[in-house]
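Single-letter residue listing:
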Amino acid sequence: MSTVTPHDPDNQKNSVKEDEINRFNAIASEWWNRTGPMSPLHEMNALRVEWIQQFLKSYPLDPNRPILDIGCGVGIASEGLASLGYNILGVDAGKEVIQAAQHHLDTIPLPPKSGHITYRVGTIEALVEEKQQYQVITALELLEHVNDPEQFVQNISALLTDNGIAFLSTINRNIPSFLFAKVGAEYLTRKLPIGTHSWKQFITPAELGKMAHHAGLRVVDMAGLAMRPNGWKISQNVKINYMVCLSKI
């Protein structure tokens, strides 16, 4: 089952830059192509979901509260989590992106016993203004695209219930990440469209840890995602792509 809830974000301060929204909207129809411009997301998605699931298996999740997947894009992670039985609210500021997410869900139904997904066009600020609360929030490959990462983390904290947990993934800022995630992915291998990332927007683990602390969040765990000859692997190496689990203190 699936639902799209319309929401007009025009009157909200948008956490995602307008040019970013336009860029991702422009390729919304290509996101589900596993060999297309978003192929890295498909390649790493099973690992991201597996890493999140190891925490959720022992977490007392209220079945009446969906997991919030903020910046859900076309629902790659949302569908991965829903296939494990979790109910998901996928929110993204891109209208065309959300339409593509809903179209894929309607066209290729989830496996039996999957959770329910609701998609909504909107922003994290709108959810905070509505005083919504979630036990679990995911924000994957998003932090490097927002206007104010520190405020974004503050908003995640505002949306979390006490003892709630959040999962973020982003890209470190250093020479290896510039060479691999920017030059390599966009210009050499053309794994990503040129302009997908701005290296200056990348965030170091130390910076993210400080943002979390200021927002009243505790770092529970951190892991790297490393590209190997036979595919992506979860690693202790956080030099490039990394994931972090945060808990509301």
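Model, not experiment: these values are computed from the prediction.

Comments concerning the packing of aromatic side chains
So, point 1. A complete count under the given rule lists four aromatic pairs for this structure.
So, point 2. Between Phe-24 and Trp-31, the ring centres sit 5.7 Å apart and the planes meet at 80°, which makes this aromatic pair edge-to-face.

Re the nonpolar core
So, point 1. Of all hydrophobic cores here, the largest spans 42 residues; its most connected members are Trp-51, Leu-56, Val-74 and Phe-167.
So, point 2. Mapped onto this core, the elements with two or more residues apiece are α2 (39-56), α3 (76-82), α4 (95-107), β4 (117-121), β5 (134-140), β6 (160-171), β7 (217-228) and β9 (241-248).
So, point 3. It is α2 that provides the largest number of residues to this core, a total of eight residues.
So, point 4. If near-sequence neighbours (up to four positions away) are discounted, Phe-167 is found in contact with Trp-51, Ile-52, Phe-55, Leu-56, Val-136, Ile-137, Thr-138, Ala-139, Leu-140, Val-244 and Cys-245.

Points about the pairing of strand β3 (residues 88-92)
So, point 1. Summarising burial for β3: five of the five residues are buried, a large majority.
So, point 2. Side chains of β3 alternate between two faces, with Ile-88, Gly-90 and Asp-92 and Leu-89 and Val-91 buried alike.
So, point 3. With α3 bridging strand β2 (residues 67-70) and the parallel β3, this β-α-β connection has right-handed handedness.
So, point 4. Note: β3 against β4, five bridges, orientation parallel. In the sheet register, Ile-88 faces β4, and the bridge partner there is Ile-117.
So, point 5. In this fold, β3 hands off to α4, which returns the chain to β4; that crossover is right-handed.

Remarks on α2
So, point 1. Between the first and last C-alpha of α2 there are 26 Å, a value that for 18 residues agrees with the 26 Å anticipated at 1.5 Å per step.
So, point 2. At Asn-45, α2 is deflected by roughly 45°, the largest bend along its length.
So, point 3. Extensive coverage of α2 is indicated by the burial of 14 of its 18 residues.

Quick look at the pattern of salt bridges
So, point 1. Taken as a whole and assessed by the stated rule, the structure comprises three salt bridges.
So, point 2. With a shortest N-O distance of 2.5 Å, Arg-120 and Glu-130 are connected by a salt bridge. Here Arg-120 is found in strand β4, whereas its partner Glu-130 is found in the loop between α5 (124-129) and β5, with ten residues between them in sequence.
So, point 3. Judged by relative accessible area, Arg-120 falls into the buried class, the value being 11%.
So, point 4. In this structure Glu-130 comes out as partly exposed when scored by relative accessible area, which is 34%.
So, point 5. A salt bridge links Arg-173 to Glu-207, with the nearest nitrogen and oxygen atoms 2.7 Å apart. You can see Arg-173 sitting in the loop between β6 and α7 (175-188) and its partner Glu-207 sitting in helix α8 (residues 205-214), a full 34 residues away along the chain.
So, point 6. Judged by its relative accessible area of 27%, Arg-173 falls in the partly exposed class.
So, point 7. Of the residues examined, Glu-207 reaches a relative accessible area of 29% and is grouped as partly exposed.

Calculation notes
Residues numbered from 1 in each chain as written. Predicted model: local features only at pLDDT ≥ 70, side-chain atom pairs only at ≥ 80, totals over all residues. Heavy atoms only, no water. Phe/Tyr/Trp six-rings, centres within 6.5 Å; stacked < 30°, edge-to-face > 60°. Core = buried A, V, L, I, M, F, W, Y, C linked by side-chain atoms within 4.5 Å. Buried < 20%, exposed > 50% of the residue type's maximum accessible area, 1.4 Å probe, protein only. Helix = DSSP H or I, 4+ residues; strand = E, 2+ residues; numbered from the N terminus. Contact = heavy atoms within 4.5 Å. Right-handed = clockwise from strand over helix to strand, strands pointing away. Pairing = 2+ DSSP bridges. Expected span 1.5 Å × (residues − 1). Bend = angle between axes of the 7 residues up to and from the residue. Salt bridge = Lys/Arg side-chain N within 4 Å of Asp/Glu carboxyl O.

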